[in-house]
Structures are given as structure tokens and as C-alpha cells.
Amino acid sequence: MNIYIKNGRLIDPKNELDVIQDIYIAGGKILAIGDKPDVFRIDHVLDASNLVVCPGLVDLSVRLREPGLEYMATLESEMNAAVAGGVTSFACPPDTDPPLDEPGLVEMVKHRARNLNQANVYPIGALTQGLHGEHLTEMAELRDAGCIVFGQPNGLLGNLRILMQAMQYASTYGFSVWLSPQDKNLAYDGVAHDGEVATRLGLPAIPVCAETIAISNIILLANEVDVHIHLCRISSAKGLAMVRTARQQGLSMTCDVSMNHIHMSDMDIGFFDSNCHIMPPLRSISDRDALRSGLLDGTIDAICSDHAPVDEDAKLLPFGQAEIGATGVELLLSLTLKYGMEMKQPLVKVLAGITSKPAKVLGIDAGHLSPGAAADICIFDPDIYWKVTSPALLSQGKNTPFLGMEVPGKVRYTLINGKIVYES
Amino acid sequence: MINRNPQLDKNRVLQHLLTMEGLPAAILLQILDTAESFVGVTERDVKIVPLLRGKSIFNLFFEPSTRTRTTFEIAAKRLSADVFNLNIAVSAQSKGETLLDTVDNLSAMNADMLIVRHAQSGAAHLIAKHVRPGIHVINAGDGRHAHPTQALLDMFTIRRYKQQFHNLRVAIIGDIMHSRVARSQIHALTTLGVPEVRVIAPKTLLPSKVERLGVHVFHDMNEGLKDVDVLVMLRLQKERMQGAHLPSSEEYFKYYGLTPEKLLLARPDAIVMHPGPMNRGVEIDSSVADGHQSVILPQVTFGIAVRMAVMSILAGHQV
């Protein structure tokens with residue numbers, strides 16, 4: 001079907017465009033931007049007057065909870081949530097049950113996702129078998145099954161020799177390694193940032209050095225091994241400063257931050273709000289402010305939702321026992337817009353953090369509106385505010401620290417490969 | 001979302017007692033004054049008043065306790081309430097029932113008051129948020145967070161022996177990091193206007209930024225005990241020696257245990273308190289625990305009057 005998107009404010013961060021222009025879609029691809037091609041039969045018109053037309057969002061962390069954790073969420077529910085959030089491509093971490101450490105599991109996820117004919121799913125392969133940090137996975141086989149990067153999402157391996165070997169093996173095939181910089185021994189039984197709030201509430205704490213020591217180890221290892229490292233979910237000012245220095249010294253390293261961490265701090269835990277039980281923990285306000293600046297100066301490449309739907313009963317527990325995680329893929333756009341407004345940044349710059357830049361980190365051809373590219377497009381109304389409530393979310397996970405807040409920006413249409421997969 | 005103080009209703013009347021933090025001094029003093037009137041009751045031959053006749057009070061202890069549970073039970077019975085003890089550790093929860101399911105069941109049994117102890121910080125807040133209006137929750141200790149009735153009985157004891165709060169130096173000694181008692185005491189003491197609250201402990205037993213709670217931090221007993229009016233010794237749990245908090249109970253006693261010699265550093269009329277249960281020879285020497293400056297047993301006695309006061313105020317009775 002040929003689609004004509006007219007009168008939209010077209011914002012394409014990669015090509016640094018912010019203009020009112022029309023888009024012509026044919027054969028699942030962007031055929032032309034601006035003037036109508038000579039030969040173009042219009043099947044469908046989308047009037048995007050007063051709306052923003054941007055590349056479909058690319059989210060570096062969306063947990064589908066399959067296989068194994070279907071009581072929290074299912075592929076269907078979360079894929080629907082993703083497109084409702086304007087997300088057209090995303091990476092899913094391997095921390096399922098069992099973890100994504102075998103080609104069969106990855107093929108199953110890819111196959112199930114493909115049948116739903118929605119967002120492009122990029123499973124992150126487990127770096128080690130069972131994510132136990134002891135034996136390497138068959139990375140080349142996993143690549144053939146559909147993994148393009150490899151990660152260890154549940155904290156840093158205790159055994160640095162094995163981490164080094166995993167980096168060496170991954171780099172053999174040119175895979176980048178995605179690591180969550182948190183030292184497990186230092187994090188121990190902690191559930192909140194080691195600061196005044198945890199002290200006041202009597203919550204076991206995770207010091208900032210759990211992150212900085214992990215980053216330090218990763219940097220030193222990456223200096224020895226010629227491998228690209230992506231750090232998932234930076235949470236502290238000190239950790240960020242180390243990444244900045246390492247990059248200035250030429251290390252091939254990227255990093256992302258979750259949208260939770262650029263808006264919230266440990267103060268938001270209030271009276272034990274278990275929706276704020278996330279990992280890494282929400283840190284201090286000065287850490288949050290540093291992360292915001294890190295996005296501005298480009299040290300942080302991308303904002304992700306860190307979508308982790310959780311069964312509601314599992315949150316109705318005392319803070320420390322409540323399941324870790326928050327739903328988020330439907331909030332990524334709104335919370336990024338909110339960040340941009342608060343920082344007084346132009347949309348074209350802010351949207352780069354959820355389109356072209358994460359696409360580059362993931363190494364996929366997505367997140368831009370160039371002619372010839374797949375027509376993965378998000379069309380949203382930037383002027384509407386909506387209230388985050390349980391019924392307003394399609395995700396099976398209803399827990400987010402933003403519940404009850406008014407946030408800007410509502411997705412109107414999501415297109416994938418030139419097909420309208422969401423409309424509101 | 002910012003919630004208002006969940007302990008107070010919109011007219012700032014006490015609905016639950018969950019923590020000392022955020023309660024105005026007037027409410028603390030009201031509880032202490034009410035407790036004074038109950039001390040008389042507990043000393044009479046007939047130790048019962050009919051204030052809570054017909055009320056159902058449930059002791060909901062998810063963590064074992066003998067003394068706290070017993071003093072709550074005695075306090076409730078002296079107010080003529082019906083008291084039910086639920087030994088959760090061996091009943092519902094071991095059969096897989098969730099915390100809030102247990103609470104819902106008690107609501108269905110028309111409970112008027114729930115007295116809750118739980119190993120997790122925040123458990124009492126969670127329950128208070130969940131119960132239907134009209135049911136009052138008293139926190140009898142949640143994780144490392146709060147133990148408000150213990151702090152109130154400590155304040156009561158201090159006022160009994162020292163009359164005033166505004167001219168005191170109080171030192172809390174020991175495992176501050178893991179202590180819900182210490183946190184509640186610190187909030188109560190600063191709310192009541194004690195000008196100098198000290199904490200004395202090795203760095204492994206102090207939570208970070210503890211000074212933000214309004215205390216002066218000491219690591220050396222010889223400095224920290226100088227000229228104090230009140231000493232609060234905290235229980236040191238044996239688990240602390242298994243990890244890397246402390247090397248041995250012997251070394252701990254040598255540097256942080258309260259001996260008659262160290263007590264001489266404090267003011268001559270200083271009182272020695274301990275929330276119990278004591279580890280003699282670990283945090284406190286027997287001769288101090290049993291000495292003339294010790295008020296450890298009166299603390300237990302006052303605990304009953306203070307808990308009677310809390311229950312009667314929550315039930316809407318001013319005395």
C-alpha cells in the first residue's frame with residue numbers, strides 16, 4: 001500500500017532535518033521526501049498536520065519476558081505496548097528463563113515476533129551459558145540465529161578472567177559486548193542507593209563504587225582486548241565521568257541511560273514506593289543531573305526505557321522484597337520529550353537519543369528517514385499531555401514510578417515497513 | 001507521587017504509628033503525657049481500665065519476639081481489649097499466603113488494630129496503606145527502619161529521670177546501621193529538642209550520611225561518652241561477626257562495650273539504657289547493666305504504659 005503522509009513536521013535527527021514536508025511510502029520503504037514522485041499512486045493519506053513525523057523509536061532494552069516469565073508479560077502484550085509507544089526496533093536482554101543462550105531459544109523469540117508482524121526484535125545473546133559467568137555461549141551460532149550483540153545483564157562477572165575471555169571471543173567475530181556495570185559483591189543485598197534516603201528508611205544500600213569499580217574493570221579489560229563495549233544503564237556521576245575520560249582516550253565504548261534515571265532520584269522512593277525498586281538503583285539528585293548533562297554532551301549515546309514489566313502482586317510487597325523493574329516502553333517518547341523541555345533542547349537533538357543514536361549503538365540500519373530506508377515511522381502529537389495510569393498502558397506491567405504523572409506527547413500512528421501497526 | 005505523611009489524617013490526627021519521623025513534638029508529648037496517667041494504672045491492684053472494651057487487637061508478628069509482643073499484649077489487656085496473637089512464622093505465610101492476604105483476612109475478622117513486626121523495612125507502611133479506613137496499624141519493628149513504641153518508651157524513661165529534653169547530651173552506642181531502634185530514637189530525640197545526639201560506633205556499623213539525621217558521629221568511646229547524660233546501648237547481633245562488620249565480639253567489647261570505667265567518662269548522674277535483649281559481656285558489662293545508673297528494667301515497665309497510651313490515642317481516646 002502506498003501511503004502519503006502530508007503536512008507533518010518532519011524531524012530526522014540523523015539528517016538534521018526539522019521541516020514541514022511530506023513523505024511518500026511505497027513497497028514498505030520511504031520512496032521520497034518533499035515533492036511527490038512522478039509515478040506515485042496514493043492509496044492512503046495520513047494527515048499529519050500539527051503532528052511530528054520522526055523515525056520509529058529504537059529502544060535498547062525491552063524485556064518481553066518470554067521465554068519462561070509469561071506470568072509477568074507476553075510477547076503479544078509487550079509488542080503491542082512497544083508500537084503504542086512508537087517503538088519500531090528494540091533490543092531485548094537475555095535475562096529470560098531460561099536465558100537466551102541457545103540458538104533455538106533465540107530463533108523461537110524471533111519467529112514468534114515475526115509472526116506478530118510488528119516491531120523489529122533484536123535479541124541480545126547471553127554472553128555466558130545461563131548467564132552464570134562460567135562458560136561462553138556459542139556466539140557465532142547465536143549470531144546465525146539472530147543475535148547481533150552479546151550481553152551479561154545481571155551485573156558484572158565475578159571472574160574477570162572469564163570476562164576477558166568472553167570479550168576476546170566476542171571480538172573475534174566483531175560482536176560488541178553489552179555489560180551492566182554493577183559489581184555483585186559490592187551491591188550484595190542492597191536495594192537502594194547508598195545515601196541519606198536509604199539510611200533514613202533502613203534499606204540495605206548499594207554504594208556508587210559498585211558501579212565505578214565495575215566500570216574501571218571493564219575499561220581496563222577493554223584496553224587489553226580490542227572490543228567494542230556498550231555499558232547498559234549508567235547511574236552515577238562518577239561512573240559517567242570515567243566513561244567520558246575513557247572515550248576521550250580513544251576507547252571504543254558507548255553507554256545508555258534509562259529514562260527512569262534522568263527523571264527520578266532516590267528521594268522519589270518516598271514512603272517505600274516499590275515502583276522505585278529498579279536496578280541500578282535510583283541515585284542522588286546530583287547523579288541524576290550529571291546524567292542529564294551527559295546526554296547533552298554526548299557521553300551518553302541513548303535513552304532507553306529499560307522496560308521490565310512486573311506482575312502486580314510481586315510489587316505489593318515490602319520494598320526490598322518487591323520484584324525489581326518498571327514498565328516503560330510506552331513512556332519512552334513522553335519522558336524523552338519531558339527531558340528535552342526541561343533542558344530547553346531542540347526536538348531534533350532530543351529525539352536523536354531514541355532514534356538514530358541507539359540504532360548506531362545496536363548497529364542496525366534504522367532510526368532515520370532517508371529515502372530508500374524501511375518506512376519505520378512514529379507520528380506523534382507533541383502538544384498533548386496524558387496521565388500515566390494503569391488502564392492507559394497496554395503493557396501487562398502496570399508498575400512505574402511515573403504513575404499518576406502528566407506527561408507530554410502522544411503517539412498517533414506507528415508504521416513498520418510501511419504498514420500502520422498502531423493508530424490512536 | 002508525593003504522599004502526605006501516612007500516619008496522620010487530613011486533620012493531622014494520628015491514624016497509625018509507623019515511624020517517629022515527621023511526627024510533630026506535640027503528638028509525641030501527648031503520648032508521653034497519656035502514658036504518665038497509665039503508669040498509675042499499672043501500679044494499682046486492679047490494673048485494668050475499660051477504654052478499649054470490645055476492640056479486637058491482633059498481634060501480627062512475622063518475626064519472632066517475646067518481649068515486645070508480650071508488652072503489647074499486656075497493654076491491650078489492661079485497656080480491656082480482646083487480643084489475638086498470630087504466630088505467622090508457623091502459619092499462613094509458610095502456607096504461601098501473602099502479607100496483604102493475611103491482612104485482608106484480619107480485616108474480614110473486624111480487627112480494630114494491627115500490631116505488626118516484620119523483617120523488611122517498610123512492611124508496616126505497606127500494610128497501613130492497604131487496610132480499610134478505621135483500622136489502625138502500629139509498627140512494632142520493621143527491618144532496619146523503625147521501632148516507634150520502643151523510641152517512645154525510651155523518651156518516657158528519659159523524661160522520668162531527666163525531666164527535660166532541651167539540656168541533654170544523649171549518646172547511642174553500637175550497631176546503628178542495622179538498628180531500627182536507633183533510627184527511631186534519633187528522630188524522637190531531635191523532634192523533642194535534645195540539642196546533642198551522638199552516635200558512637202566503628203565505621204562498619206554506621207550507615208552512610210548518618211550525620212544528615214542530625215547526629216554527631218564518634219568512633220571512640222573515650223571521646224563520645226564525655227559529659228553525656230544518657231547512654232543508649234544497642235544490642236549487637238551475633239551475625240555481625242560472621243560477615244566483615246566486626247572481627248570478634250571480644251574486640252568489640254574492648255572498644256565499644258560499656259564498662260564501669262568507661263561509664264565514668266559520662267556525667268555522674270548519667271543513666272544507662274538498653275532496648276533489650278542484652279548481650280552481657282558483648283555490648284555491656286553485667287556490673288553496669290545491674291548497676292545503680294541502669295534504668296533498663298524501668299524501661300520495660302514504662303513500655304506497657306506507653307503502649308497503652310499509643311493504643312488509646314489511636315482508638316480516639318484522650319486521657
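All figures in this text were calculated on a predicted structure; none of them were measured in a lab.

1. Focus: helix 1 (residues 75–84) of chain A
Residues and elements named next belong to chain A.
- Burial analysis of helix 1 places eight of its ten residues in the buried class, which makes it a mostly covered element.
- For helix 1, every residue scored as buried is listed here: Leu75, Ser77, Glu78, Met79, Ala81, Ala82, Val83 and Ala84.
- At its buried positions, helix 1 is contacted by strand 9 (87–92), helix 2 (103–116), strand 10 (120–123), strand 20 (406–416) and strand 21 (419–423).
- Backbone geometry just downstream of helix 1 places Gly86 in the positive-phi region, at approximately 80°.

2. With respect to the domain arrangement of chain B
Residue and element names in this part refer to chain B.
- Along its sequence, chain B is organised into domain 1 (25–146 + 300–314) and domain 2 (148–299).
- The gap between the C-alpha centroids of domain 1 and domain 2 is 26 Å.
- Counting residues at the interface gives 29 residues for domain 1, matched by 28 residues for domain 2.
- Summed over both sides, the interface of domain 1 with domain 2 buries roughly 2300 Å², with 61% coming from carbon and sulfur.
- Looking at the side of domain 1 facing domain 2, the largest losses of area belong to Leu32, Arg144 and Phe302, adding up to 29% of the total buried there.
- Where domain 1 packs against domain 2, one counts three salt bridges.

3. Overview of the sheet that holds strand 8 (residues 57–59) of chain A
Residue and element names in this part refer to chain A.
- Strand order in the open sheet made by the three strands is 8-9-10, with parallel pairing throughout. Strands at the two margins of the open sheet, each flanked by one partner only, are strand 8 and strand 10. On average, each strand axis in the sheet is inclined to that of its neighbour by 10°, with strand direction left out of account.
- Looking at chain direction, strand 9 and strand 10 are connected through four bridges and run parallel. Paired with Ala91 across the bridge in strand 10 is Tyr122.

4. Some words on the packing of aromatic side chains
Residue and element names in this part refer to chain A.
- All told, the structure shown has eight aromatic pairs over all chains when counted by the stated rule.
- For the pair Tyr24 and Phe40, a centre-to-centre distance of 5.2 Å together with 80° between the ring planes defines the contact as edge-to-face. Within this pair, whereas Tyr24 is found in strand 4 (residues 23–26), its partner Phe40 is found in the loop between strand 5 (29–33) and strand 6 (44–47), the two being separated by 16 residues in sequence. Taken individually, Tyr24 and Phe40 each receive the classification buried, so the pair is uniform in this respect.
- Three or more aromatic residues joined by ring pairs form one cluster here, namely Phe150, Tyr169, Tyr173 and Phe175.

Definitions and limits used
Residues numbered from 1 in each chain as written. Chains lettered and ligands numbered in written order. Predicted model: local features only at pLDDT ≥ 70, side-chain atom pairs only at ≥ 80, totals over all residues. Heavy atoms only, no water. Buried < 20%, exposed > 50% of the residue type's maximum accessible area, 1.4 Å probe, protein only. Helix = DSSP H or I, 4+ residues; strand = E, 2+ residues; numbered from the N terminus. Contact = heavy atoms within 4.5 Å. Domains from an automatic or database assignment. Buried area = accessible area lost by both parts, 1.4 Å probe. Salt bridge = Lys/Arg side-chain N within 4 Å of Asp/Glu carboxyl O. Pairing = 2+ DSSP bridges. Axes fitted to C-alpha atoms, helices over the stretch in contact; angles between N-to-C directions. Phe/Tyr/Trp six-rings, centres within 6.5 Å; stacked < 30°, edge-to-face > 60°.

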